[in-house]
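For reference, the chains in residue letters:
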Amino acid sequence: MSAVQTSRTSSARIDPVLLWLVIGMLSIGLVMVYSASIDMAEASRSTGHRGYYFLLRQAGFIAVGGVTGFLAFRVPTLHWQRVAPWLFVGGLVLLAVVLVPGIGRNVNGSQRWLPLGFINLQPSELMKLAAVLYAADYTVRKAAFMHHFKQGFLPMLVAILFTGALLLREPDFGAFVVIIAIAMTTLFLGGLNLRIFVGLLVLSVIGFIGLIWSSPYRLQRIVGFMDPWADPFGKGYQLSHALIAFGRGQWLGLGLGRSVEKLFYLPEAHTDFLLAVIAEELGFVGVVAVIGLFIWLVIRAFRIGREAAQLERHFCALTAMGIGVWIGVQAGINIGVNVGLLPTKGLTLPLLSFGGSGIVANCIAMAILLRIDYETRELRRGRKGT
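Residues numbered from 1 in each chain as written. Predicted model: local features only at pLDDT ≥ 70, side-chain atom pairs only at ≥ 80, totals over all residues. Heavy atoms only, no water.

## Some thoughts on helix 3 (residues 53-73)
In step 1: Taking 1.5 Å as the rise per residue, helix 3 with 21 residues should run 30 Å; its terminal C-alpha atoms sit 30 Å apart, in good agreement.
In step 2: Within helix 3, burial applies to Tyr53, Phe54, Gln58, Phe61, Ile62, Gly65, Gly69, Ala72 and Phe73. Mapping the buried residues of helix 3 onto a view down its axis gives an arc of 155°, with all of them on the same face. More than 90 degrees from the buried face of helix 3, the exposed residues found are Val67, Phe70 and Leu71. (Helix = DSSP H or I, 4+ residues; strand = E, 2+ residues; numbered from the N terminus. Expected span 1.5 Å × (residues − 1). Buried < 20%, exposed > 50% of the residue type's maximum accessible area, 1.4 Å probe, protein only. Arc of directions from axis to C-beta.)

## What to know about the confidence of the model for the protein chain
In step 1: Here the protein chain averages 90 in pLDDT, while 95% of its residues score no lower than 70.
In step 2: Ranking the helices and strands of the protein chain by mean pLDDT puts helix 11 (residues 274-310) first, with 98, and helix 1 (residues 3-12) last, with 42.
In step 3: The low-confidence segment residues 1-11 (pLDDT under 50) makes two contacts with residues lying over four places distant or belonging to another chain. (pLDDT = per-residue confidence, 0-100. Contact = heavy atoms within 4.5 Å.)

## A closer look at the pattern of salt bridges
In step 1: All chains considered together, the criterion is met by nine salt bridges.
In step 2: Its salt-bridge partner being Glu125, residue Lys128 comes within 3.3 Å of it at the nearest N-O pair. One end of the pair, Lys128, and the other, Glu125, are both in helix 5 (residues 123-141), three residues apart, so they sit about a helical turn from each other.
In step 3: Looking at Lys128, the relative accessible area reads 1%, which means it is buried.
In step 4: Residue Asp373 is joined to Arg377 by a salt bridge in which the shortest nitrogen-to-oxygen separation is 2.6 Å. (Salt bridge = Lys/Arg side-chain N within 4 Å of Asp/Glu carboxyl O.)

Okay, here's the thing in structure tokens:
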């Protein structure tokens, strides 16, 4: 077999649609992060007044994510399953360390980052990946007890509540919501008793209402979200400017680089509110395209999970679907915040927004998804051969 034929055979074993989908989303994110941050970078002394500062950093994050993703792809899923509990424990340790005074970095009232010189590590981003792997491994190990509250559900509940307690101390309510969604969906797909699941949903809603009511700053966000125009220079500032960006973009947008709201009006334009800049510059068509890419990615993840389940590779199936839930829920929350359907949360747009920890964690997750699909294809090819 020639080298060209060998290359074609090798590439056919990897899902080309998923691979190009991820590359495309990272590329779109790189362009839009540059567009959203260039003026801010030029005006900031910390960037040396270089307009391409965030572009270079995001490109570096993507490069690191690509390397770590390549290494993660080479790890068999069996090894990921074996280390899943230890990764979860390691994530808890990092969440605890970031809260230690003098170690964790506080930005805008939130202590979520560990300064590592050239990069700030955000443990909550890595914890989402650890939660996916741990929830899948736990559900497989406890498959025989999924109908029992004490043996099947209670240990996971304790682990998630402990994780939530650490996240709420930062505070990072958005990451807590994503991790709860990952755990609950994985348990449900793994056969959790329906009564327990419904009871958990009810308790979760009550718990979220209690958390919001007991926290003044969360309550203020809800009030600002309900009517941002009542206080457009205070509680409703971010949302009002995000909505202005959407309105200015109309159908086809003002054109790449021509956003006005990114000129120091819209806070966090290159991170939490990147979609608003996309809306202003690329219009309704651009927003629909981004949403379509996320829907495509989630559907692909669930399809890979279903194919793994058909071969009774249950850990792989639950991991693939857990990754789909993670990306889908986080993207849904970010989009909801940008368009005013949800109160403001510190959640970025996966694979698109600026951020090292998020990009690396997303790339590793996509690599694991590709690995699951690769192993499923190989197993099917082996069975057909016999």
